[in-house]
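Here is how the chains run, residue by residue.
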Amino acid sequence: MYGYGFYYDRTYILLIIGMLLSVAASAKLKSTFAKYRGVRSASGLTGEQAARRILQAAGITDVQVRAVSGSLTDHYDPRTKTVNLSQDIFGHSSLAAVGVAAHECGHAIQHAIHYAPLEIRSAIVPLANFGSTLSWPLFFLGLIMSIRPLITAGIILFSLAVLFQLVTLPVEINASSRALRMLETTGILGREENSGARKVLTAAALTYVAALASSILQLLRLIILAGGRRNDD
């Protein structure tokens, strides 16, 4: 394809752009987190304590807060109803720790009120996992053997993974918005401190923007390669 085989085609530039976006977003998150990890909140509350206060203020009594290993491994698990905070967050009282803990509580609030985008994301997780696993093997098998239905199936399956990223973005942004409101209304952070937490959560949101952009670029690459194969047939 393009005269020198599909392994060495000009669409690789799309993969490179996606990779650079992801690396840049990750670097931004790490630098912002490191900066505000060193700024202690005036309240002195740890991530764990802030999470418990937010959940209580939201009227949520059936969600547990627990520590998990790793760095930036924080997440809310709707299956077990647990806010899981990493070692950098659970016992620390920095603006970064409190902000991240509040964000995960934002997901717990979404779950409690049946926030539609969150439920949609949860529903398509199996399809997205299935699509991301089989899309590339099917696509390239179809490309190598010139089997058009396999190429089309690969593109459709990968589209499911892109759809998951698309739905994830508003879920994450909404969780951060809820977190920042709760931090201020509960008095956990003052207005100026909230600005620092906002910067941490904005940097985290950029990683999801980069992930979506990267997925779209990969999907575009598949479509271009499929079009090139059609022209060769």
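Residues numbered from 1 in each chain as written. Predicted model: local features only at pLDDT ≥ 70, side-chain atom pairs only at ≥ 80, totals over all residues. Heavy atoms only, no water.

Let us now look at the overall build of the chain. Tallying secondary structure elements over the chain gives seven helices and three strands in all. Ordering the α and β elements of the chain from the N terminus gives α-α-β-β-β-α-α-α-α-α. By principal-axis analysis of the C-alpha atoms, the chain measures approximately 65 × 35 × 25 Å. In the chain, buried positions account for 45% of the 233 residues. (Helix = DSSP H or I, 4+ residues; strand = E, 2+ residues; numbered from the N terminus. Buried < 20%, exposed > 50% of the residue type's maximum accessible area, 1.4 Å probe, protein only.)

Among the nonpolar cores identified, the biggest contains 33 residues, and Ile 54, Leu 55, Val 83, Leu 183 and Ile 188 are the most heavily contacted of them. Of all the secondary structure elements, the ones that give two or more residues to this core are α1 (12-37), α2 (47-57), β3 (82-85), α4 (95-112), α6 (148-185) and α7 (191-232). No other element matches the ten residues that α4 contributes to this core. Ignoring any residue separated from it by four or fewer positions in sequence, one finds Leu 183 in contact with Ile 54, Val 98, Gly 99, Ala 102, Ile 188, Leu 189, Asn 194 and Ala 197. (Core = buried A, V, L, I, M, F, W, Y, C linked by side-chain atoms within 4.5 Å. Contact = heavy atoms within 4.5 Å.)

This part covers α4. Compared with an ideal rise of 1.5 Å per residue, which puts 18 residues at 26 Å, α4 spans 25 Å between its outermost C-alpha atoms and is within 8% of the ideal. Of all 18 residues that make up α4, 16 are buried, and the element is covered over most of its length. Of the residues one or two after α4, His 114 is the one with positive phi, at around 60°. (Expected span 1.5 Å × (residues − 1).)

Moving on to the environment of His 107. Secondary-structure assignment places His 107 in helix α4. Classification of His 107 as buried rests on a relative accessible area of 5%. A C-alpha to C-alpha distance of 8.6 Å links His 107 and Pro 78, two positions 29 residues apart in sequence. Among all residues touching His 107, those that are not within four sequence positions of it are Tyr 76, Leu 118, Arg 121, Val 171, Glu 172 and Ala 175.

Before going further, it helps to examine the packing of α1 against α4. Running from amino to carboxyl end, α1 crosses α4 at an angle of 120°, the nearest separation of the two axes being 6 Å. Note on element contacts: α4 touches α1 through Leu 95, Ala 96 and Val 100, opposite Phe 33, Tyr 36 and Arg 37. Looking at the contact of α1 with α4, its residues break down into five nonpolar, no polar and one charged. (Axes fitted to C-alpha atoms, helices over the stretch in contact; angles between N-to-C directions. Nonpolar A, V, L, I, M, F, W, Y, C, P; charged D, E, K, R; others polar.)

Take the environment of Arg 52 next. Mapped onto the fold, Arg 52 is located in helix α2. Sequence spacing of Arg 52 and Val 83 is 31 residues, and the spatial spacing of their C-alpha atoms is 9.5 Å. Within polar-contact distance, the side chain of Arg 52 engages the backbone oxygen of Val 65 at 3.3 Å. (Polar contact = N/O pair within 3.5 Å; in protein donor to acceptor, adjacent residues only side chain to side chain.)

A cluster of nonpolar side chains, namely Ile 13, Ile 16, Ile 17, Met 19, Leu 20, Leu 21 and Val 23, defines an oily patch on the protein surface of about 620 Å² accessible area. Relative to the elements of secondary structure, Ile 17 occurs in helix α1. (Patch = residues over 30% accessible without salt bridge, like charges linked within 9 Å, V, L, I, M, F, W, Y side chains within 5 Å. Areas by Shrake-Rupley, 256 points an atom, 1.4 Å probe, with all protein chains shown as cover. Salt bridge = Lys/Arg side-chain N within 4 Å of Asp/Glu carboxyl O.)

Our next topic: the side chain of Ser 215. Structurally, the position occupied by Ser 215 is in helix α7. Discounting chain neighbours no more than four positions away, the residues touching Ser 215 are Phe 158, Val 162 and Gln 165.

Moving on: unusual backbone geometry. Phi at Leu 72 is positive, roughly 55°, even though this residue is not glycine. Residue placement: Leu 72 occurs in the loop between β1 (64-67) and β2 (75-77). Residue class for Leu 72 comes out partly exposed when judged on its relative accessible area of 34%. Here Lys 81, not a glycine, exhibits a phi torsion of approximately 50°, which is positive.

α6 packs onto helix α5 (residues 116-145) with a crossing angle of 150° between their chain directions and a minimal axis gap of 6 Å. One finds that α5 runs roughly antiparallel with respect to α6. Viewed along their axes, α5 and α6 form a crossing whose handedness is left-handed. Classifying every residue of the contact of α5 with α6 by side-chain character gives 26 nonpolar, six polar and two charged. (Parallel < 35°, antiparallel > 145°, perpendicular 65-115°, else oblique. Left-handed = near helix turned anticlockwise from the far one by under 90°.)

What the three strands build is an open sheet, ordered β1-β3-β2; its pairing is mixed. Single-partner strands in this sheet number two, and they are β1 and β2. The sheet shows a mean angle of 25° between the axes of neighbouring strands, taken without regard to direction. Where β2 lies against β3, three bridges are found, and the strand directions are antiparallel. By the bridge assignment, His 75 is partnered in β3 with Asn 84. (Pairing = 2+ DSSP bridges.)

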